[in-house]
Amino acid sequence: MAGTDHVGPSGMGDTPDGRLSSVENLIFDAGLNIGQDTALFLSQGYQVLAIEADPTLAEAARKRFHREIREGRLEVLNVGIAEKDGFADFWICEEKPEFSSFHRKIAARDSYSHHSIQIPVLRFASVMERYGIPHYLKIDIEGNDMLCLDGLSRSTLPKYVSVESECPLDEQSGSVEGGLRTLQKLESLGYNRFKLIDQYTFCALSLPPSPYYWVDAFARKAFNQSPLKNIRGLGLISRHLIMRSRLERRFRWNFPTGSSGVWGEDTPGNWISYGEAEQAYRHYREKHFLASDRKFHSFWCDWHAKQQ
């Protein structure tokens with residue numbers, strides 16, 4: 001990744017005295033998948049280190065982004081994140097690659113076909129030592145997200161971070177206390193301002209709900225449900241009020257299902273305290289699972305965090 005003093009395909013992310021350096025124009029995309037988030041970051045002018053455990057997805061990304069790689073704006077690092085450097089078994093979900101994981105139960109969700117391969121793995125601290133401290137760290141690696149946070153310290157915090165709020169292995173492991181561990185970890189690292197972003201709607205979840213939340217809820221109902229959607233003009237108007245559509249118009253970007261969406265100061269809603277974030281998480285998670293047909297892994301939100 002030519003173009004910075006501290007980051008390169010064979011460069012190190014530390015200063016001569018051994019301290020890690022912060023690279024203002026660098027984003028880590030931990031969980032590249034099909035590259036929808038990496039594409040956004042590149043379009044915003046950032047350099048990107050994209051980390052992907054699945055060798056098939058990593059190779060596809062190298063082909064898709066061959067120009068950006070050649071220009072030194074992107075490096076695809078085909079490794080998994082683990083507790084120690086070496087090799088480990090990784091489970092490929094054949095029908096839904098975003099469920100591929102080091103945890104077989106995640107790859108096997110919904111009775112999907114899956115198989116294991118052995119891949120190289122690194123501690124997240126090893127990645128940081130090589131590439132430096134990114135401006136923004138996006139984490140979405142199906143079950144090993146906490147290992148990325150474990151690789152951070154108060155002296156090596158990205159300015160912004162986002163991470164899945166929870167990724168339960170099964171019905172028994174899914175709980176509000178389990179999900180709050182991610183928020184608690186973020187606070188222990190030194191982050192003190194948070195947003196809980198619904199990954200289905202891209203709305204910020206807070207108490208009381210923001211006006212945008214209510215507008216989005218009404219607009220989606222009007223756009224998707226009869227008989228409201230049949231009222232002349234209401235469907236078109238409501239579509240423009242849906243948060244995802246608003247963000248797509250504002251940023252002139254398509255955010256497909258599965259993408260992380262916008263980040264940092266571009267996320268909707270206000271930054272809230274730890275106590276407010278915990279209260280919101282408990283409320284919206286409980287509300288979500290009031291419906292008896294909800295899958296145990298269907299509360300799909302990201303924590304976004306920064307230091308005040």
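The structure this text deals with has already been given above.
This text gives an overview of the structure that appears in the document. None of the values given here were measured: they were computed from a predicted structure.

### Thoughts on the overall build of the chain
Phase 1: Looking only at helices and strands, the chain has 11 helices and 10 strands in total.
Phase 2: Within the span of the chain, comprising 308 residues, buried residues form 52% of the whole.
Phase 3: Of the roughly 14,900 Å² that the chain leaves accessible, carbon and sulfur atoms contribute 50%.

### Observations concerning the sheet that holds strand S10 (residues 301-306)
Phase 1: The 7 strands lie next to each other as S3-S2-S1-S7-S8-S10-S9, forming an open sheet whose pairing is mixed. Two strands in the sheet have a free side with no partner beyond their single neighbour: strand S3 (74-77) and strand S9 (193-198). Neighbour to neighbour, the strand axes of the sheet diverge by 20° on average, direction disregarded.
Phase 2: Pairing analysis gives 5 bridges linking strand S1 (residues 22-30) to strand S2 (residues 47-51), with the strands arranged parallel. Paired with Ile27 across the two strands is Val48, which belongs to S2.

### What about the environment of Cys203?
Phase 1: Tracing the chain through its elements places Cys203 in the loop between S9 and helix H8 (211-224).
Phase 2: Its relative accessible area of 2% is what places Cys203 among the buried residues.
Phase 3: Spatially, the C-alpha atom of Cys203 lies 9.7 Å from that of Trp214, the residues being 11 residues apart in sequence.
Phase 4: Contacts of Cys203, omitting those with residues within four sequence positions, involve Leu196, Ile197, Asp198, Tyr212, Tyr213, Asp216 and Met243.

### Regarding the nonpolar core
Phase 1: One finds Phe28, Ile51, Phe124 and Leu186 to be the most contacted residues of the largest nonpolar core, which totals 68 residues.
Phase 2: Dropping the residues within four chain positions of it, Phe124 is found in contact with Phe28, Ile51, Ile81, Leu137, Leu147, Cys148, Gly151 and Leu152.
Phase 3: Membership of the second largest hydrophobic core comes to 7 residues, among which are Ala53, Ile92, Phe102 and Val121.

What counts, and where the lines are drawn
- Residues numbered from 1 in each chain as written.
- Predicted model: local features only at pLDDT ≥ 70, side-chain atom pairs only at ≥ 80, totals over all residues.
- Heavy atoms only, no water.
- Helix = DSSP H or I, 4+ residues; strand = E, 2+ residues; numbered from the N terminus.
- Buried < 20%, exposed > 50% of the residue type's maximum accessible area, 1.4 Å probe, protein only.
- Areas by Shrake-Rupley, 256 points an atom, 1.4 Å probe, with all protein chains shown as cover.
- Pairing = 2+ DSSP bridges.
- Axes fitted to C-alpha atoms, helices over the stretch in contact; angles between N-to-C directions.
- Contact = heavy atoms within 4.5 Å.
- Core = buried A, V, L, I, M, F, W, Y, C linked by side-chain atoms within 4.5 Å.

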